[in-house]
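# Close look at the chain arrangement
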Amino acid sequence: MAEHQVQREHGETKGRFVIRKEGEEAELTYSVTTPTLIIADHTGVPDSFRGTGAGLALVEALVAAARAEGFKVVPLCPFVNATRKKHPEWADVFAA
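Presented here is a report on the structure given in the accompanying data block. (Residues numbered from 1 in each chain as written. Predicted model: local features only at pLDDT ≥ 70, side-chain atom pairs only at ≥ 80, totals over all residues. Heavy atoms only, no water.)

### Focus on the overall build of the protein chain
Counting its regular elements, the protein chain contains two helices and five strands. Reading the secondary structure of the protein chain in the N-to-C direction produces β-β-β-β-α-β-α. The C-alpha radius of gyration computed for the protein chain amounts to 13 Å, which stays within 12% of the reference 12 Å derived for 96 residues, consistent with globular compactness. Expressed along its principal axes, the backbone C-alpha trace of the protein chain runs to roughly 35 × 30 × 20 Å. Sequence-distant contacts, at least 24 apart, represent 43% of the contacts inside the protein chain between residues at least 6 apart. (Helix = DSSP H or I, 4+ residues; strand = E, 2+ residues; numbered from the N terminus. Rg over C-alpha atoms; globule rule 2.2 N^0.38 Å. Contact = heavy atoms within 4.5 Å.)

### Details of the sheet that holds strand E4 (residues 37-44)
In spatial order, the strands read E1-E2-E3-E4-E5; together these five strands make up an open sheet with mixed pairing. The outermost strands of the open sheet, each flanked by one partner alone, are strand E1 (7-10) and strand E5 (72-75). Within the sheet, the average angular offset between the axes of one strand and its neighbour, ignoring direction, is 25°. Bridge count for E4 against E5 is four bridges, and the pairing is parallel. Opposite Ile-38, over in E5, you have Val-73 as the bridge partner. Its contacts with the sheet place helix H1 (residues 54-69) against E1, strand E2 (14-21), strand E3 (24-34), E4 and E5, and it is angled at close to 140° to E2. (Pairing = 2+ DSSP bridges. Axes fitted to C-alpha atoms, helices over the stretch in contact; angles between N-to-C directions.)

### Some points on the pattern of salt bridges
The full count for this structure, using the stated rule, is eight salt bridges. In this structure, the salt-bridge partner of Arg-20 is Glu-9, at a minimum N-O distance of 2.5 Å. With Arg-20 in strand E2 and Glu-9 in strand E1, this pair connects stretches of sequence that are 11 residues apart. Across the salt bridge formed by Asp-47 and Arg-50, the nearest N and O atoms sit 3.0 Å from each other. What you see here is one network of salt bridges that share partners, running through Glu-9, Arg-16, Arg-20, Glu-25 and Glu-27. (Salt bridge = Lys/Arg side-chain N within 4 Å of Asp/Glu carboxyl O.)

### Quick word on the pairing of E4
Note that E3 and E4 share seven bridges and pair antiparallel. By the bridge assignment for E4, Glu-27 is matched with Gly-44. Connecting E3 to the next strand, E4, in antiparallel fashion are two residues. Handedness of the crossover joining E4 and E5 through H1: right-handed. (Right-handed = clockwise from strand over helix to strand, strands pointing away.)

Dropping the structure here:
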């Protein structure tokens, strides 16, 4: 799998984690509900990124940010929800 450079764009009410490659973007978007709770609402990965681990890298960046900043994540996005179920060691960052 390729190593990915994940960048974060964070606004007052919305944000995203993004990987850029050759003019395309893979992203995980979120909505800020409170300073301690965000909703992971969408993950989009172009076909050119498939099989590279880009989606997992985006979720890992989300988990790392949640731990570093002390917020919880509501995994509304089906991909984020499915990925978190494969990683029980991330249970501390997801809201029940």
